[in-house]
Amino acid sequence: MADEVSAGARLTSSVLDDDALLAAVAGGDQSAFAQLMSRHAGRAYSLAFRILGRRGDAEDVVQDAFLQVWTRAAQWQAGRAKFSTWLYRVIVNRCLDLKRRPTTTDITAIEEPADPSGDALQDMERAQRNAALAAAVAKLPERQRAAIALTYTTGLRNAAAAAVMEMSVKAFEGLLVRAKRTLRDQLAATDGEPL
Amino acid sequence: MMEKEFDLERDLTQAMAPVEMPASLQQRLSRIPLEHPQQSTGTVVRFQAHEKKMSGLDRLSADWPMVGTATASRRSFAWGLTSSLTAAAASLLLGVFLGANIVSDQLGLTRQSADQQQLADTAYDGTVSTDTTDNDGALLDDDNVAMIYAAADLPGVLP
């Protein structure tokens, strides 16, 4: 009987929206927390990793964010904001804080995950191009890099990404344009020809 | 140009693609409910993205626990606002102090000039002389007359 109730709760939580899941988390529902985590932790980690370029720091940032979700879920006010917007904002702010601290890690040492599919030569060329682009992104100013990561890693539209970065859509678009211009210049200087 | 733009877009999409979350992080996140107690309801979480009507002061005083990580820009904003308010309060106090001094000085001058005017008016009425040298002169004249009467051996009573 208890298993049926638990299974029913899991089934219900799978179709609940984030606000409802947070309400359940506030009541100590660990399965709701797991559901929330499975929905958002992957993209949150990708965002942190693309901004920071270091896996360890990215993990710490995501853990810190989800720790706040668990401990302070009761303080959540439903309907006032999207959970993903809040979560990405926490991630971006924490990453920018970390980036401002002095570090001994090479900023261009971006780790790239292996891509097992496709032809070997094409894979190699694509990996080289991606590595060059990732290195160029790593040299961008912090906020420009965050804008690039929000757009191309999380797939947020400009309005949502601007809300995450707490700026107007126009300002965000300007940030993106400057970032792309810088990337083109950097890649042109590296390769001798623009993309 | 459009082709180059398309290439950059495509390459950015590939280079910035989401990465797989490490299993170690998955485990760390799964342990959170077991290792950390939840906080009771006390303050209401505010989400600034949907509070466009909030003023800067409201945003500063808003409860930020869920935001958690205050950015340097927020800290500098708070510092700037605090220092601005302090400077404004100091300026106001200084202005009030100087203004009070000026007003008190003007009141003193007005009172003095009013006294002088009153003195002049009474002197014009003949009740009081404003110049003591005139009184001295009158006394001096009386003495001279008395001396004349004395010299003439007349009773020393003035007419």
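Residues numbered from 1 in each chain as written. Chains lettered and ligands numbered in written order. Predicted model: local features only at pLDDT ≥ 70, side-chain atom pairs only at ≥ 80, totals over all residues.

Naming follows an unreviewed UniProt entry, where chain B appears as Anti sigma-E protein RseA N-terminal domain-containing protein of Dongia soli.

Chain A goes by RNA polymerase sigma factor in an unreviewed UniProt entry, where it is assigned to Dongia soli. Per UniProt, chain A has the following entry under Sequence similarities (unreviewed entry): "Belongs to the sigma-70 factor family. ECF subfamily." (UniProt positions renumbered as here; feature names shortened; annotations may be inferred.)

> When you look at the overall build of chain B in this model, what are you seeing that I'm missing?
When helices and strands are tallied, chain B shows five helices and zero strands. Within the span of chain B, comprising 159 residues, buried residues form 10% of the whole. (Helix = DSSP H or I, 4+ residues; strand = E, 2+ residues; numbered from the N terminus. Buried ≥ 20, exposed ≤ 12 C-beta atoms within 10 Å, placed from the backbone.)

> Can you walk me through the overall build of chain A in this structure?
Check the secondary structure of chain A and you find nine helices and zero strands. Start at the N end of chain A and walk to the C end: the helices and strands fall as α-α-α-α-α-α-α-α-α. The burial tally for chain A puts 41% of its 195 residues in the buried class. Taking the intrachain contacts of chain A between residues at least 6 apart in sequence as the baseline, contacts between residues at least 24 apart amount to 62%. (Contact = placed C-beta atoms within 7 Å.)

> Any chance you could explain the nonpolar core here in plain terms?
Soluble globular proteins: nonpolar side chains tend toward being buried together. With 62 residues, the main nonpolar core has V25, A48, V62 and I91 of chain A as its most contacted residues. Filtering out sequence-adjacent residues up to four positions away, A48 of chain A remains in contact with A58, V61, V62, I91 and C95 of chain A. (Core = buried A, V, L, I, M, F, W, Y, C linked by C-beta atoms within 7 Å.)

> It is not clear to me how helix α6 (residues 120-138) of chain A should be interpreted in this structure. Could you clarify?
Given 3.6 residues to a turn, an α-helix orients residues that are three or four positions apart in the same direction. Residues and elements named next belong to chain A. Compared with the 27 Å implied by 1.5 Å per residue over 19 residues, the 26 Å span of α6 between its first and last C-alpha is a close match. Those residues of α6 not exposed but buried are L133, A134, A136 and V137. Axial view of α6: buried residues confined to an arc of 155°, hence all on one face. Among the exposed residues of α6, those oriented more than 90 degrees off its buried face are A120, L121, M124 and Q128. (Expected span 1.5 Å × (residues − 1). Arc of directions from axis to C-beta.)

> How should I be thinking about unusual backbone geometry in this particular structure?
Note: most residues except glycine have negative phi, and most peptide bonds are trans. For E166 of chain A, which is not glycine, the phi torsion reads 55° and is therefore positive. Tracing the backbone shows E166 of chain A in the loop between α8 (158-164) and α9 (169-191).

> How do you make sense of the UniProt feature "transmembrane region" (unreviewed entry) in chain B when you look at a structure like this?
The positions UniProt marks with the feature "transmembrane region" (unreviewed entry) are residues 77-103 of chain B. Across residues 77-103 of chain B, helical content stands at 100% and strand content at 0%; the span's end C-alpha atoms are separated by 38 Å.

> In this structure, what is going on with the packing of helix α4 (residues 55-71) of chain A against helix α5 (residues 83-100) of chain A? I would like to understand it.
If you want to describe how two helices pack, look at the angle between their axes and the distance between the axes. Residue and element names in this part refer to chain A. Running from N to C, α4 and α5 point in directions that differ by 135°, and their axes come no closer than 10 Å. Relative to α5, the element α4 lies oblique. In the packing of α4 onto α5, the handedness of the crossing is right-handed. Only L87, V90, I91, R94, C95 and L98 of α5 make contact with α4, whose side of the interface consists of D57, V61, V62, D64, A65 and Q68. Residue composition of the contact of α4 with α5, by class: eight nonpolar, one polar and three charged. (Axes fitted to C-alpha atoms, helices over the stretch in contact; angles between N-to-C directions. Parallel < 35°, antiparallel > 145°, perpendicular 65-115°, else oblique. Left-handed = near helix turned anticlockwise from the far one by under 90°. Nonpolar A, V, L, I, M, F, W, Y, C, P; charged D, E, K, R; others polar.)

> What exactly am I supposed to notice about helix α3 (residues 30-52) of chain A here?
All names here are of chain A. Of all the bends in α3, the largest measures some 45° and sits at H40. Among the 23 residues of α3, 17 are classified as buried, and the element is accordingly described as predominantly covered. G53 lies just past α3 and shows a positive phi near 80°. (Bend = angle between axes of the 7 residues up to and from the residue.)

> How should I be thinking about the confidence of the model for chain A in this particular structure?
Note that predicted coordinates carrying low pLDDT should not be read in detail. All names here are of chain A. The predicted model of chain A averages 82 in pLDDT, with 81% of residues at 70 or higher. A low-confidence stretch, residues 1-13 stays under pLDDT 50, and its non-local contacts, those more than four residues away or across chains, total seven contacts. Low pLDDT, under 50, characterises residues 105-109; the predicted model gives this stretch seven contacts beyond four residues in sequence or across chains. (pLDDT = per-residue confidence, 0-100.)

> Which parts of the structure should I look at to understand the environment of K139 of chain A?
Structurally, the position occupied by K139 of chain A is in the loop between α6 and α7 (142-152). Judged by the 13 C-beta atoms lying within 10 Å of it, K139 of chain A falls in the partly exposed class.

> I'm lost on the confidence of the model for chain B in this one. Help?
Residue and element names in this part refer to chain B. Mean pLDDT over chain B: 68, with 41% of residues reaching 70 or higher. A low-confidence stretch, residues 127-137 stays under pLDDT 50, and its non-local contacts, those more than four residues away or across chains, total nine contacts. Across the predicted assembly, pTM comes out at 0.58 and ipTM at 0.74.

> Would you mind showing me how to read the packing of α5 of chain A against α7 of chain A here?
Residues and elements named next belong to chain A. Contact geometry of α5 with α7 gives a least axis separation of 11 Å together with a crossing angle of 145°. Viewed along their axes, α5 and α7 form a crossing whose handedness is right-handed. In contact with Y88, V92, C95, L96 and K99 of α5, α7 contributes E142, A146 and L150. Tallied by class, the residues present in the contact of α5 with α7 amount to six nonpolar, no polar and two charged.

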